[in-house]
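Per-entry structural report
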Amino acid sequence: SFHSLSVARGAKDSSRMAFGSGSGSKAGLLVALISATALLHVCAALQPLAQGIANLGDLLEEELGNPVRSALGGLSPADGYAGLNLELLSDAPKHGAACLDGSPPGYYFRPGSGSGASSFLLFVDGGGWCYDEDACFERSFTILGSSSAWPPYKPASLMFPMVSADPAVNPFHNWNIVELAYCDGASFSGDLDGSVVVKGKPLYFRGRKILSYILRHLRETKGLQDADRVLLAGCSAGALASILNADSIASSLAPKTDFKVIPFSGFFPRATTFSGVPWFEGVVRNVARMQNVSASLSPRCVANQSPGKEWECLFAEKAYEYVASPIFLVNSVFDSWTIQNIYNVTAEFPRSQADQLVPFLNERASHVWDLISRSGTWQRRGNGGFLNACVTHCWGCCEASGWAKVTDARGRTVKEAVEDWSFHSGGHNREDQRSPKPCQLSDDPPYNCNPTCPTAA
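**Some points on the state of the cysteines**
Tallying each qualifying case throughout the model produces 7 disulfides. The partner cysteine of Cys130 in its disulfide is Cys136, sulfur to sulfur 2.1 Å. For the disulfide bridge between Cys130 and Cys136, the dihedral angle about the S-S bond is near 90°, and by the sign convention the bridge is right-handed. Of the residues examined, Cys130 reaches a relative accessible area of 2% and is grouped as buried.

**Regarding the pattern of salt bridges**
One pass over the full model with this rule turns up 15 salt bridges. Salt bridges sharing common partners tie together Arg270, Glu281, Arg285, Lys309, Glu312 and Lys318.

**Here we look at the nonpolar core**
If you look at the biggest cluster of nonpolar residues, it comprises 113 residues, and the most contacted ones within it are Met162, Ile262, Phe264 and Val418. If you tally residues by element for this core, the top one is helix α12 (residues 357–373), at 8 residues. The next biggest cluster of nonpolar side chains, apart from the first, holds 9 residues, and it includes Val196, Val198, Phe205 and Met290.

**As for the pairing of strand β11 (residues 384–388)**
Here β11 lies mainly inside the structure; 5 of its 5 residues are buried. Across the two faces of β11 the burial is the same, with Gly384, Phe386 and Asn388 and Gly385 and Leu387 all buried. Both strand β10 (residues 328–332) and β11 contribute to a ladder of 5 bridges, which runs parallel. Bridge pairing in β11 links Phe328 to Gly384.

**Notes on unusual backbone geometry**
Unusually for a residue other than glycine, Phe188 sits at a positive phi of about 55°. By the element assignment, Phe188 lies in the loop between β5 (176–180) and β6 (196–198). Positive phi is not limited to glycine here, since Asn344 has a value of about 60°. Residue classification places Asn344 among the partly exposed positions, given a relative accessible area of 31%.

**Brief notes about the environment of Gln305**
Take Gln305: it is sitting in the loop between α9 (299–303) and α10 (316–321). Ignoring any residue separated from it by four or fewer positions in sequence, one finds Gln305 in contact with Glu310, Glu312, Cys313, Lys318 and Tyr322. Only 2.9 Å separates the side chain of Gln305 from the backbone oxygen of Cys301, close enough to count as a polar contact.

**Quick word on the packing of aromatic side chains**
The geometry of two aromatic rings is summed up by the distance between their centres and the angle between their planes. All told, the structure shown has 19 aromatic pairs when counted by the stated rule. With centroids separated by 6.0 Å and ring planes inclined at 80°, the aromatic side chains of Trp175 and Phe423 adopt a geometry described as edge-to-face. With Trp175 in the loop between β4 (153–154) and β5 and Phe423 in helix α16 (residues 414–424), the pair connects residues that are 248 residues apart, well separated along the chain. Assessed through its relative accessible area of 30%, Phe423 is described here as partly exposed. Summarising the aromatic geometry, the rings of Phe274 and Phe349 are spaced 4.7 Å apart at their centres and angled 65° between planes, so their arrangement reads as edge-to-face. Residue Phe274 is located in the loop between β9 (258–264) and α8 (279–291), and its partner Phe349 is located in the loop between α11 (336–342) and α12; the two are separated by 75 residues in the primary sequence. Phe349 matches Phe274 in its accessibility class, with the two residues each being buried.

**Considerations on the pairing of strand β8 (residues 229–235)**
Taking burial as the measure, the 7 residues of β8 include 6 buried ones, the bulk of the element. As defined by bridge partners, strand β3 (residues 119–124) adjoins β8 across 6 bridges and the pair is classed as parallel. If you follow Ser119 over to β8, its bridge partner there is Arg229. With 7 bridges connecting them, β8 and β9 associate as parallel partners. Residue Leu232 lies in a different strand from β9, and its bridge partner there is Val261.

Rules and cut-offs
Residues numbered from 1 in each chain as written. Predicted model: local features only at pLDDT ≥ 70, side-chain atom pairs only at ≥ 80, totals over all residues. Heavy atoms only, no water. Disulfide = S-S within 2.5 Å. Buried < 20%, exposed > 50% of the residue type's maximum accessible area, 1.4 Å probe, protein only. Salt bridge = Lys/Arg side-chain N within 4 Å of Asp/Glu carboxyl O. Core = buried A, V, L, I, M, F, W, Y, C linked by side-chain atoms within 4.5 Å. Helix = DSSP H or I, 4+ residues; strand = E, 2+ residues; numbered from the N terminus. Pairing = 2+ DSSP bridges. Contact = heavy atoms within 4.5 Å. Polar contact = N/O pair within 3.5 Å; in protein donor to acceptor, adjacent residues only side chain to side chain. Phe/Tyr/Trp six-rings, centres within 6.5 Å; stacked < 30°, edge-to-face > 60°.

Shape is all these values report; function is a separate question.
See the structure below:
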C-alpha cells in the first residue's frame, strides 16, 4: 500500500531483466539484482489492489482458487481490528480536495490505546508520480488516482512493519495509526485551481488541499489537536511528501506536540542517466509546472533560488536542506528506483560498457552520501539517519527483513535505529544517531558489500 507501483522505465518486460546472465556478463548479473529487488517492491505495492480484488469474495475464490485467496487475506475484522479502516472524506471535494479523477480522498486509521493513545503515526503512502497529463489521465483510472476501488478495511495480515499492531514488530504498535492514501500523483504537492481536461475527462491536481483536509479531519475527529507526539513518515513519493510538508504540518500542531519526521527512500538525487541525459530534471520541472506546486515548497528555499528556478526546491536534496523539524532520513545510497529510473540502468544497459557499471554506481553512491552528510540538516543537533548499501527501495519501512534484519555499517537494524531516535534522542547531538558512510559494491557477484542486504538469488 505504499511504494513504487510505477514500474521502472526500462522494466516493461521482466523476461529481459537478466540480460547476459547466461553468458557470465557481470553487468547482466548486477542488473538482475537491481531488477529483482525492484519487482519485489512492485509486488508489495500491488497489495491494496489485491485487497480490492479480495472484496469480490466468491468471484476471486472461483476464478483464482483458494491458495491465492489465502495468501491475500480476508477483509474480515476477525484479526481483532488490528488492521486499518478507511475514512473516506466524502465532503472533501466540495472544499477543493479531490483525487485526480475528482473522487474523495481519505486515509486508513486504527485508534491508539494505553500509552499510545495520545500519539500519532502519520504514514504517507507512495506510488511514484505521473509525469505529464496523459500519464495522469491513465493514473486516474487506478487506485493511485481514484478512491473508487479503495477497500474499506486493510487486514492485519497485510500490514507492513511500521503500521503493524504487533508489539514485537512495531515500537509504535499502540499509537493512533494513520495511513494517508495517495491519489494526487505528485507527493501531495499540487495546488492547481480548476481542472485540466484530458481526452474529455477533468483531472484535479489538489494534493496540497488533500493533505490539509486530512489533517483538519484528524484534528476535529481523532484528537490530533491534543497529540503529545506525532511522527510523520512515508515511503518513496510519500517520503518526499514528508520532507516537503514537514514544517507546514508541524506548524499546524499544538505547541506542546513533540513532532518528528522519518522519510524512507525519498531522497531522489538530481542526477543524469548513465549516458548523461538529464531526464529526472525534466520530470521535476514539468511536474512542478503542471501541478502548480509552488505553495508546497519551502519559502526559505524559494527565497534562495534564482528567478525562474524556484521549482528546483521540489528536488529532495534542496527540500531536505531547509527542513527545520527534527528529521531522521532512512535511505539506500544504491536505491533501486533511482538506479533504474534516474540513472536509467535497466535491461538495455549496453554490454560494451559493462566494466563501467560498478564504478559508475559506486561513484553515484558516494555522491548521494556527500549530498546528505554534508547537509546542515544531517549535521544539525538532534537529527540523524540510517543509510545503507542495499540495492532496494522502501525496504526499511515496508518489508520485514528490511525493517528488522538489514543493518548499517555500525550493525544497527532500521527498527533499532528508528526506535532509538524516536524515543531516546532527546534532541542530543549524538553521533551514533547517524550512520557511517555505507560500503561500496564489489566488482564480483553477489556485488552486495553488506551481507544483510537481499540478493537476486
